[in-house]
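# Results of the structural survey
Single-letter residue listing:
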Amino acid sequence: MITVASRSSLFIYNFVIARKLRAALFTRSARYCSNSDPEALVSCLLFEISSCSSISYCQAIHGRVAKSLDYGDGFIGDCLVSSYTKLGSGEDAQKLFDEMPNKDVVSWNSWISSIARKECIGNCLYAFCRMKSEISVRMKPNGVTLLPVLSACTSTGALDEGRYIHGVAVKWGVLSDTKVANSLINMYGKLGFVDAACVLFEAMPVQNLVSWNSVVAIHRQNGFAQNGLLLFNLMRRAEVKPDQATLVSLLQGYAGLGVGKLGEAIHGYIYRCGFNEDTNIGTALLSLYTKSGKLNASCCVFGEIRGPDRVAWTAMLAGYAVHGCGREAIKLFEHMVNVEGLDPDHVTFTHLLSACSHSGLVEEGKKYFRIMTEVYGVEPRLDHYSCMVDLLGRSGLLRDARELIEAMPMKPNSVVWGALLGACRIYGNIELGTEVAERLFALDPSDHRNYVMLSNIYSAAGLWKDASRVRTLMKEKGLFRNPGCSSVEHGNKLHSFVAGDQSHPEREKIYLKLEELMSKIRKAGFVPKTEFVLHDVDEEVKEEMVNRHSEKLAIAFGLLVTHPGTPLIITKNLRICGDCHGAAKHVSLIEKRTIIIRDSKRFHHFADGLCSCGDYW
């Protein structure tokens, strides 16, 4: 606790230090003045301004300048204005700027730039409009004037103001300035106007590396990552050599699409260009392989990174977590902190606890949750509590999970309660599930997943009226369940299926293959688990419905179009159901294929009739 006495001492200490700094400044500047060396004095003052760390010190320098020099000398006035703004003294900056007698374009640009860094679009535009009205005709504003204003528009989402600046750029004839065009492209792209960004890009007389990187990043940031490879190839044809930023953006765009072959093509280019040891590129590449189901390839990429940083180690840890390799994740973490000497952060612990959750490592998870604070000084956040609730809930420790939520130092959010609701579904706890669902309805009444989860809990228990009531409530709120969709890559294209899909051009062959598969696995002992059809219909209808799930259609298609022995990699937007999980195990044995299915939570690796999750997911 800081006492009155200590505060007084601190004030006196700071006051003495400030006086010493001023004295040193005055002594140094006086020496230069006595030597009749104004250039040396200007250099000294500019250095002092650049290292200024307090408003009072800046005011002392300001006073010295007022006594000895003209504000125009050596751009000292501009530097003082910038320093005042940086230190948060907008009034001093404004007053000084108004006092400056000979403001040129550089002065105005410096002032506007310093205001723009504060991300206050109103003040920035005020300064810009004032400049337009006050500056003389002979001192025409340039493209540099627009850059900080466009940056402020981008960071604050001020689209209308950005369009106004776009118009000014056209009027001033500076749109041909590559930096201005790039800044406009970046603004339109980040605010979601991809078409406007592309029109500007195509109209540029000269497209440099920054231009190409911007347009690649824009397509990634806006559901158009598929166009990234096309842009990448066009960029190379234009003889613009991609750099680190290009490749990282491209890899990040493809990471969530499950397109491993395209990733391999980019990997080849990276290797040929000698970028394979780059930490940022390697991290993005291993994340792409991880999300494409190729964990072994991720490990190889990680091994090639020269001096991986904490981000790279954490990315590899995340890969083990999502693939359910809890023991491997723990081993990697211990090597990271004990051998490499890197300090884990909150993201590292989120993935470590997630790895424990997906592997049922309850005691290990409790241990790392405890030492996270005690040893590493990382305070638990909502993500960590969510992982712990998920870990306890998946293991059937519903009471412990509930007690942990009640002991949280912060208010639990929908993710934390959602983890407990998921556990209630797994273990059929109707009473607790109903209570938790009501809390979730209050927190986020528009999230359809919570209604679906509660409806499934009721349906699994045969409480059809209660399930119907929840579905009716969804309809009244205008909420709809996302249909299950499974995708498999073939011919550099993703082929997607929903349950009972009839849209694929090869549907007849797919269904024939599916019937053949189902016949084979039944003979091998597979029994359909119709309890996963949560509708009150006849048993035969249930079996027909479960046999046409999207995962099974994707498996059948994959077996038709790939060579024997080739692993199948399938991506699903929802969690895999128990019937499809059992069917995939049998198919992997009968067809002698490795089948990798990524659902909304994790990866399942099916081989020789077994799954990597050990039937725990």
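Above this text you will find the structure in question.
Predicted model only: the values in this text are computed from it and were never measured.

### Quick notes on unusual backbone geometry
The backbone phi angle of Lys 592 is positive, close to 55 degrees, even though this residue is not glycine. Tracing the backbone shows Lys 592 in the loop between α31 (578-590) and β4 (595-598). A positive phi angle, near 60 degrees, is found at Asp 615, a position not held by glycine. By relative accessible area, which is 46% here, Asp 615 ends up partly exposed.

### What to know about the side chain of Ser 211
Mapped onto the fold, Ser 211 is located in helix α12 (residues 209-221). Note on Ser 211: relative accessible area 0%, which makes it buried. Excluding residues that lie within four positions of it along the chain, Ser 211 makes contacts with Thr 178, Asn 182, Phe 201 and Met 204.

### Looking at empty space enclosed by the protein
Its volume calculated, the largest cavity comes out at about 60 Å³. Lining the largest cavity are Leu 514, Leu 517, Met 518, Ile 521, Glu 551, Lys 552, Ile 555, Cys 580, Ala 583, Ala 584 and Val 587. Of all the elements in the fold, those that place two or more residues in the lining of the largest cavity are α28 (507-523), α30 (550-561) and α31. Considering only residue class, the lining of the largest cavity consists of nine nonpolar, no polar and two charged.

### A closer look at helix α26 (residues 448-460)
With 13 residues, α26 extends 18 Å between its outermost C-alpha atoms, agreeing within 8% with the 18 Å of an ideal straight helix rising 1.5 Å per residue. Taken across its 13 residues, α26 has ten buried, putting it largely inside the fold. Structurally, α26 contributes buried residues whose contacts are with α24 (414-427), α25 (430-443) and α27 (464-476). The first or second residue beyond α26 is Gly 462, which carries a positive phi of 80 degrees.

### Looking at the environment of Leu 610
Among the secondary structure elements, Leu 610 is positioned in strand β6 (residues 610-611). The exposure class of Leu 610 is exposed, given its relative accessible area of 59%. Apart from residues lying up to four places away in sequence, Leu 610 is in contact with Lys 585, Ser 588 and His 605.

### Quick word on the packing of helix α21 (residues 362-374) against helix α22 (residues 382-394)
For the pair α21 and α22, interaxial distance at closest approach is 10 Å and the crossing angle is 160 degrees. Taken together, the axes of α21 and α22 are roughly antiparallel relative to one another. The two elements α21 and α22 meet at a crossing, and its hand is left-handed. From α21, Val 362, Gly 365, Lys 366, Phe 369 and Met 372 reach across to α22, where they touch His 384, Tyr 385, Met 388, Leu 391 and Leu 392. Tallied by class, residues from the contact of α21 with α22 come to seven nonpolar, two polar and one charged.

### A closer look at the nonpolar core
If you look at the biggest cluster of nonpolar residues, it comprises 135 residues, and the most contacted ones within it are Phe 128, Leu 146, Val 149, Leu 251, Phe 302, Val 389 and Leu 420. Those residues in contact with Leu 251, other than ones at most four positions away along the chain, are Ile 266, Ile 270, Ile 281, Ala 284, Leu 285 and Leu 288. Phe 526, Ile 570, Cys 580 and Ala 584 belong to the second-largest nonpolar core, a separate cluster that totals 28 residues.

### What about the environment of Ile 457?
Within the secondary structure layout, Ile 457 lies in helix α26. On a C-alpha basis, the gap between Ile 457 and Thr 434 in space is 8.8 Å, while along the polypeptide they are 23 residues apart.

### Details of the packing of helix α20 (residues 346-359) against α21
For the pair α20 and α21, the least separation of the axes is 9 Å and the interaxial angle reads 165 degrees. In terms of orientation, α20 lies roughly antiparallel with respect to α21. Along this stretch, α20 crosses α21, giving a crossing that reads as left-handed. Along the contact surface, α20 presents Phe 349, Leu 352, Leu 353 and Cys 356, while α21 presents Glu 364, Gly 365, Tyr 368, Phe 369 and Met 372. Of the residues in the contact of α20 with α21, the class split is seven nonpolar, one polar and one charged.

### Structural notes on the packing of aromatic side chains
Per the counting criterion, the structure on display carries eleven aromatic pairs. Ring centres 5.7 Å apart and planes at 45 degrees place the aromatic pair Phe 128 and Trp 172 in the tilted group. Of this pair, Phe 128 sits in helix α7 (residues 121-134) while Trp 172 sits in helix α9 (residues 159-172); the two residues are 44 residues apart in sequence, bridging distant segments of the chain. You'll find Phe 128 and Trp 172 in the same group, each marked buried. With a centroid separation of 6.1 Å and 80 degrees between ring planes, the pair formed by Phe 333 and Tyr 376 is classed as edge-to-face. Taken together, the residues Phe 333 in helix α19 (residues 326-338) and Tyr 376 in the loop between α21 and α22 connect sequence positions 43 residues apart. Residue Phe 333 is classed as buried on the basis of its relative accessible area of 1%.

### Some words on the pattern of salt bridges
Side-chain pairs of opposite charge can arise where the charged atoms are in close proximity. By the definition in use, this model includes 19 salt bridges. A salt bridge links Arg 163 to Asp 160, with the shortest nitrogen-to-oxygen separation between them at 4.0 Å. With Arg 163 and Asp 160 both in helix α9 and three residues apart, the pair spans about one turn of that helix. For Arg 163, a relative accessible area of 41% corresponds to the partly exposed category. For Asp 160, a relative accessible area of 56% puts it in the exposed group. Here the salt bridges do not stand alone but share partners, grouping Arg 402, Glu 406, Glu 435 and Arg 439 into one network.

Rules used throughout
Each residue is numbered by its place in its chain's sequence as written, counting from 1. Only residues with pLDDT of at least 70 are given local features in this predicted model, and only at 80 or more are side-chain atom pairs given and counted; all residues enter the totals for whole chains, interfaces and linings. Heavy atoms throughout the structure, all of them, feed into the side-chain values; hydrogens and water do not. Helical segments are the DSSP runs of H or I of at least four residues, strand segments are the runs of E of at least two, and each set is numbered from the N terminus. Relative accessibility under 20% of the residue-type maximum defines a buried residue, over 50% an exposed one, and the middle range a partly exposed one, all with a 1.4 Å probe and only protein chains included. When checking whether two residues touch, look at their non-hydrogen atoms; a contact exists if any pair is within 4.5 Å. Site definitions follow a grid-based scheme: protein atoms alone, a 1 Å grid, a 1.4 Å probe that fits but cannot get out for cavities, and for pockets an open set with protein on both sides within 12 Å along at least five of seven lines, plus lining residues having an atom within 4 Å of a point. Grid points are joined across faces, edges and corners, and a volume is the space filled by probe spheres set on the points. By the convention adopted, Pro, Cys, Tyr, Trp, Phe, Met, Ile, Leu, Val and Ala count as nonpolar, Lys, Arg, Asp and Glu as charged, and the other residues, Gly among them, as polar. Expected span of a helix: the number of residues minus one, times 1.5 Å. All axes are obtained by fitting lines to C-alpha atoms, using only the stretch in contact for helices, and the reported angles, taken between N-to-C directions, cover 0 to 180 degrees. Roughly parallel means an angle under 35 degrees; roughly antiparallel means over 145; roughly perpendicular covers 65 to 115; every other angle is labelled oblique. Helix crossings fall into two classes, left-handed where the near helix is turned counterclockwise from the far one by less than a right angle and right-handed where it is turned clockwise. Think of a nonpolar core as a cluster: buried Ala, Val, Leu, Ile, Met, Phe, Trp, Tyr and Cys residues, connected wherever their side-chain atoms sit within 4.5 Å. Working definition: a ring pair exists when centres of Phe, Tyr or Trp rings (six-membered ring for Trp) sit within 6.5 Å. Plane angles under 30 degrees give stacked, over 60 give edge-to-face, the rest tilted. A pairing counts as a salt bridge when a side-chain nitrogen of Lys or Arg comes within 4 Å of a carboxyl oxygen of Asp or Glu.

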